[in-house]
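Reading the structure
Chain by chain, the residues:
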Amino acid sequence: YNCNHSACAAIISWPILKTMTLKISAILTLFFSTTCLFGQETDKNGIEKRMTICLKDTSIRTQMDMRRCVYEAVSEYQTLIEALTLKLEQYLSDEGLEKLRLSAEAWKNYYDKESAFIYNLTEERIGTMYNNIAVSDLLEMVRQRADLLESRLNIYRETRDDKK
């Protein structure tokens, strides 16, 4: 079938245009979400403060609302983990960068597997208490990773400052 009409060309290229639009939308969303977040306090104290404010909000009425506050903190900690990883890269040798890359990959794998295990509790038990336990466990897991990365970053910064 040979189509030389411009309307045919537009119909044929629609899937490509649609794919490009979705990719551009995803990139813009990522850019603006990280830009907005980095405009805020992205350290652990800022995350904890925002979570506390959210939990103390008088409009919070249900346990699901409370879990939303904690999920937001988990999401912010994940962004902080990514930012700390990027900052660490500035201080590492090529060998150190490879080890950090492997560590980050292992962390993501661990996080995915551990999250699945944590959520298994909510699948096998009935009651909102188990949902609260699960989200609390997720929060603690990302807190610990952020603490570890921040600690390593501080060590590398101190070592660099000592060499000056």
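Residues numbered from 1 in each chain as written. Predicted model: local features only at pLDDT ≥ 70, side-chain atom pairs only at ≥ 80, totals over all residues. Heavy atoms only, no water.

1. Quick word on the nonpolar core
The test is simple: We call a set of buried Ala, Val, Leu, Ile, Met, Phe, Trp, Tyr and Cys residues a nonpolar core when their side-chain atoms join them within 4.5 Å. Summary of the burial criterion: residues with accessible area below 20% of their type's maximum are buried, those above 50% are exposed, and those between are partly exposed, where the area comes from a 1.4 Å probe applied to protein chains only. Put simply, DSSP marks the helices as runs of H or I at least four residues long and the strands as runs of E at least two long, and each gets a number from the N terminus on. Residues count as neighbours in contact if any of their non-hydrogen atoms are within 4.5 Å of one another.
One finds Tyr77, Tyr111, Leu139 and Val142 to be the most contacted residues of the largest nonpolar core, which totals 24 residues. Elements that contribute at least two residues to this core include exactly helix 2 (44-56), helix 3 (63-89), helix 4 (94-124) and helix 5 (128-163). The leading source of residues in this core is helix 5, at 9 residues. Setting aside anything within four residues of it in sequence, one finds Val142 in contact with Val74, Tyr77, Gln78, Ile81, Trp107 and Tyr111.

2. Overview of the state of the cysteines
A covalent bond between the sulfur atoms of two cysteines is referred to as a disulfide. Operational definition: Here, a disulfide means two cysteine sulfur atoms that sit within 2.5 Å of each other.
Across all of its chains, the model carries 1 disulfide by this definition. Shown here is the disulfide that connects Cys54 with Cys69, its sulfur atoms set 2.0 Å apart. Here Cys54 and Cys69 share a disulfide; its torsion about the S-S bond, -70°, makes the bridge left-handed. Placement of the pair is Cys54 in helix 2 and Cys69 in helix 3, with a sequence separation of 15 residues. What makes Cys69 buried here is its relative accessible area of 2%.

3. Comments concerning the layout of surface pockets
We apply this condition: A pocket, in this scheme, is an open set of points on a 1 Å grid over the protein atoms alone with protein on both sides within 12 Å along at least 5 of 7 lines, while a cavity is a set where a 1.4 Å probe fits but cannot get out; residues line either one if an atom lies within 4 Å of a point. Grid points are joined across faces, edges and corners, and a volume is the space filled by probe spheres set on the points. Put simply, Ala, Val, Leu, Ile, Met, Phe, Trp, Tyr, Cys and Pro go in the nonpolar bin, Asp, Glu, Lys and Arg in the charged bin, and everything else, Gly too, in the polar bin.
For the largest pocket, the calculated volume is near 260 Å³. Taken together, 13 residues form the lining of the largest pocket, with Ile81, Glu82, Ala104, Trp107 and Lys108 sitting closest to its centre. Classifying every residue of the lining of the largest pocket by side-chain character gives 6 nonpolar, 2 polar and 5 charged. The volume enclosed by the second largest pocket comes to roughly 150 Å³. Every residue lining the second largest pocket is listed: Leu88, Leu92, Gly96, Lys99, Leu100, Ser103, Arg145, Leu148, Leu149, Arg152 and Tyr156. For the lining of the second largest pocket, the secondary structure elements donating two or more residues are helix 4 and helix 5. At 5 residues, helix 5 tops the list of elements feeding residues into the lining of the second largest pocket. In the lining of the second largest pocket, the residues fall into 6 nonpolar, 2 polar and 3 charged.

Worth remembering: the numbers are spatial, not functional.
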